[in-house]
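Chain by chain, the residues run as shown.
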Amino acid sequence: MPINIYNQTENKNIRIVWLSDGDWELPSQIDTFEKWLIENEIKLPKGSYVADIGFGLRKDACGGGGAVTLKMMEIMLRVGMELYLSEYPDGDENS
């Protein structure tokens, strides 16, 4: 499910974009999401959006990872976007 960005309307969610299909690594997903936000901010009128990032556990992880930057947070605040982080124990096995 990597990155699903959608607009929440009264009774349904309308998908805007699906990013990083097949990529379950949080650091690269955050990078892709940041680039998308910067490129698409002007196309998003103030609303009620969700960016749901589905990521898997990294077997060789020993610290580090993705960082949500201040610029990302500012853009999300301006457009009205919440960030959900959905952890999946087997990541790429769920795709």
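Structure's up top.
Residues numbered from 1 in each chain as written. Predicted model: local features only at pLDDT ≥ 70, side-chain atom pairs only at ≥ 80, totals over all residues. Heavy atoms only, no water.

Asks: Sorry, what's going on with the nonpolar core here?
Replies: Within soluble globular proteins, side chains that are nonpolar tend to cluster in buried spots. One finds Ile5, Phe33, Trp36, Leu37 and Met81 to be the most contacted residues of the largest nonpolar core, which totals 19 residues. Broken down by secondary-structure element, the contributors of at least two residues to this core are strand S1 (3-8), strand S2 (13-19), helix H1 (26-40), strand S3 (49-56) and helix H2 (70-79). Take this core: its biggest share by element is 5 residues, from H1. What Leu37 contacts, discounting residues up to four positions off in sequence, is Met72, Ile75, Met76 and Met81. (Core = buried A, V, L, I, M, F, W, Y, C linked by side-chain atoms within 4.5 Å. Buried < 20%, exposed > 50% of the residue type's maximum accessible area, 1.4 Å probe, protein only. Helix = DSSP H or I, 4+ residues; strand = E, 2+ residues; numbered from the N terminus. Contact = heavy atoms within 4.5 Å.)

Asks: What should I look at first to understand the sheet that holds strand S4 (residues 81-88) in this one?
Replies: Within a beta sheet, neighbouring strands are joined by backbone hydrogen bonds and run either parallel or antiparallel to one another. The 4 strands lie next to each other as S2-S1-S3-S4, forming an open sheet whose pairing is mixed. In this open sheet, the two edge strands, each paired with only one partner strand, are S2 and S4. Looking at each pair of strands side by side, their axes are set apart by 20° on average, direction ignored. Both S1 and S2 contribute to a ladder of 6 bridges, which runs antiparallel. Paired with Tyr6 across the two strands is Arg15, which belongs to S2. Sheet contacts for H1: S1, S2, S3 and S4; angle to S3, the most-contacted strand, approximately 155°. (Pairing = 2+ DSSP bridges. Axes fitted to C-alpha atoms, helices over the stretch in contact; angles between N-to-C directions.)

Functional significance is not addressed by these values, which are geometric in nature.
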